[in-house]
Amino acid sequence: MKKLIAIIFISLLVLAGCGSSGKFEAQTNWEVQDFNYVNQHNKKVSLESLKGTVWLATFVFTNCTSVCPPMTFNMSEIQQMLVDKGIKDYKIVAFSVDPEIDTPKKLQEYLGNYDVTDESKWQLLTGYKQDEIAKFAEKSFKTLVKDDPKSNQVIHGTSFYLVDQNGVVVKNYSGVSDVPKEEIVMDVENLIEDGK
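Residues numbered from 1 in each chain as written. Predicted model: local features only at pLDDT ≥ 70, side-chain atom pairs only at ≥ 80, totals over all residues. Heavy atoms only, no water.

### Describing the overall build of the protein chain
Argument step 1. Counting its secondary structure elements, the protein chain contains six helices and 10 strands.
Argument step 2. The buried share of the protein chain, reckoned over its 196 residues, is 52%.
Argument step 3. Sequence-distant contacts, at least 24 apart, represent 75% of the contacts inside the protein chain between residues at least 6 apart.
Argument step 4. Put simply, the protein chain shows about 9,600 Å² of open surface, and 52% of that area lies on carbon and sulfur atoms. (Helix = DSSP H or I, 4+ residues; strand = E, 2+ residues; numbered from the N terminus. Buried < 20%, exposed > 50% of the residue type's maximum accessible area, 1.4 Å probe, protein only. Contact = heavy atoms within 4.5 Å. Areas by Shrake-Rupley, 256 points an atom, 1.4 Å probe, with all protein chains shown as cover.)

### Brief notes about the environment of Met 75
Argument step 1. By secondary structure assignment, the location of Met 75 is in helix H3 (residues 68-84).
Argument step 2. Accessibility expressed as a relative area gives 1% for Met 75, which makes it buried.
Argument step 3. In sequence terms Met 75 and Val 116 are 41 residues apart; their C-alpha atoms lie 9.0 Å from each other.
Argument step 4. Aside from chain neighbours lying at most four places away, what touches Met 75 is Leu 56, Thr 58, Ile 92, Trp 122 and Phe 160.

### Topic: helix H5 (residues 130-141)
Argument step 1. Between its first and last C-alpha, H5 extends 16 Å over 12 residues, near the 16 Å set by a 1.5 Å rise per residue.
Argument step 2. For H5, the complete set of buried residues consists of Gln 130, Ile 133, Phe 136, Ala 137, Ser 140 and Phe 141. Relative to the axis of H5, the buried residues are bounded by an arc of 120° and lie together on one face. (Expected span 1.5 Å × (residues − 1). Arc of directions from axis to C-beta.)

### A word on unusual backbone geometry
Argument step 1. A positive phi angle, close to 60°, is found at Asn 42, a residue other than glycine.
Argument step 2. Structurally, Asn 42 can be placed in the loop between strand S2 (36-38) and strand S3 (44-46).
Argument step 3. Given a relative accessible area of 53%, Asn 42 falls into the exposed group.
Argument step 4. At Asp 178, a residue that is not glycine, the phi angle is positive and equals roughly 50°.

### Considering the nonpolar core
Argument step 1. Among the nonpolar cores identified, the biggest contains 56 residues, and Phe 35, Trp 55, Phe 95, Phe 141 and Val 188 are the most heavily contacted of them.
Argument step 2. A total of six residues in this core trace back to one element, the largest contributor, which is strand S4 (residues 54-60).
Argument step 3. The residues touching Phe 95, leaving out its near neighbours within four places in the chain, are Phe 35, Tyr 37, Trp 55, Ala 57, Thr 58, Phe 59, Val 60, Leu 125, Tyr 128, Ile 133, Phe 136 and Phe 141. (Core = buried A, V, L, I, M, F, W, Y, C linked by side-chain atoms within 4.5 Å.)

### Side note on the pattern of salt bridges
Argument step 1. This structure, assessed with the given rule, holds five salt bridges.
Argument step 2. Across the pair Glu 77 and Lys 181 runs a salt bridge whose closest N-O atoms are separated by 2.4 Å. Highlighted residues: Glu 77 in helix H3 and Lys 181 in helix H6 (residues 181-194), separated in sequence by 104 residues.
Argument step 3. On the basis of relative accessibility, which here comes to 30%, the residue Glu 77 falls in the partly exposed class.
Argument step 4. Note that Glu 100 is salt-bridged to Lys 129, the shortest N-O span being 3.9 Å. Residue Glu 100 is found in the loop between strand S5 (90-96) and helix H4 (104-111), and its partner Lys 129 is found in the loop between strand S6 (122-125) and H5; the two are separated by 29 residues along the sequence. In terms of burial, Glu 100 and Lys 129 fall into one category: exposed. (Salt bridge = Lys/Arg side-chain N within 4 Å of Asp/Glu carboxyl O.)

### Some words on the packing of H3 against H6
For any two helices packed against each other, one specifies the inter-axial angle together with the distance between the axes.
Argument step 1. The interhelical angle for the contact between H3 and H6, taken along N-to-C directions, is 50°, at an axis separation of 10 Å. Taken together, H3 and H6 sit at an angle that is classed as oblique. Classified by chirality, the crossing of H6 by H3 is right-handed. The segment H3 lies against H6, with Asn 74, Glu 77, Ile 78, Met 81 and Leu 82 engaging Lys 181, Glu 182, Ile 184, Val 185 and Val 188.
Argument step 2. Considering only residue class, the contact of H3 with H6 consists of six nonpolar, one polar and three charged. (Axes fitted to C-alpha atoms, helices over the stretch in contact; angles between N-to-C directions. Parallel < 35°, antiparallel > 145°, perpendicular 65-115°, else oblique. Left-handed = near helix turned anticlockwise from the far one by under 90°. Nonpolar A, V, L, I, M, F, W, Y, C, P; charged D, E, K, R; others polar.)

Rendered as structure tokens:
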């Protein structure tokens, strides 16, 4: 219990409103917990289905009024850079932190607001309860997901996570401001090459 309180306290220190800002990156090595959710096309996506593929993960929600739009924009720019470098073997996985509202249709509409180069690489996931994604986020990505009792917003971290072919989080980065886009692209490329 003390560990959980400490994690929440530390997380709250770095979160502002809907999320945190500023460049943050760290070495990690956390195993992603098993999951089996649905994407924006109402198709099943699981940890097993992502095995063998490098992926970038993040947490967003469609009604977000602060950090999610710039995060999604930044991720779409990273994808364009991956395309420009000819990098093809990757996925972008965004877990909704407001699954009661974020139906597959709503997630599809949300993604349509962005200039996404190749939508087939994106997996916007839902199909679970909020307490489930809160536990999953804490165990798999060491980040907080929590309802804001004063609004219809959800407090959540703003990092991008690099996940290797075995489902291990190997690095994380700021997803809002001072996003190290070139470094992320290089890390994705290197991880793909290392796995060959």
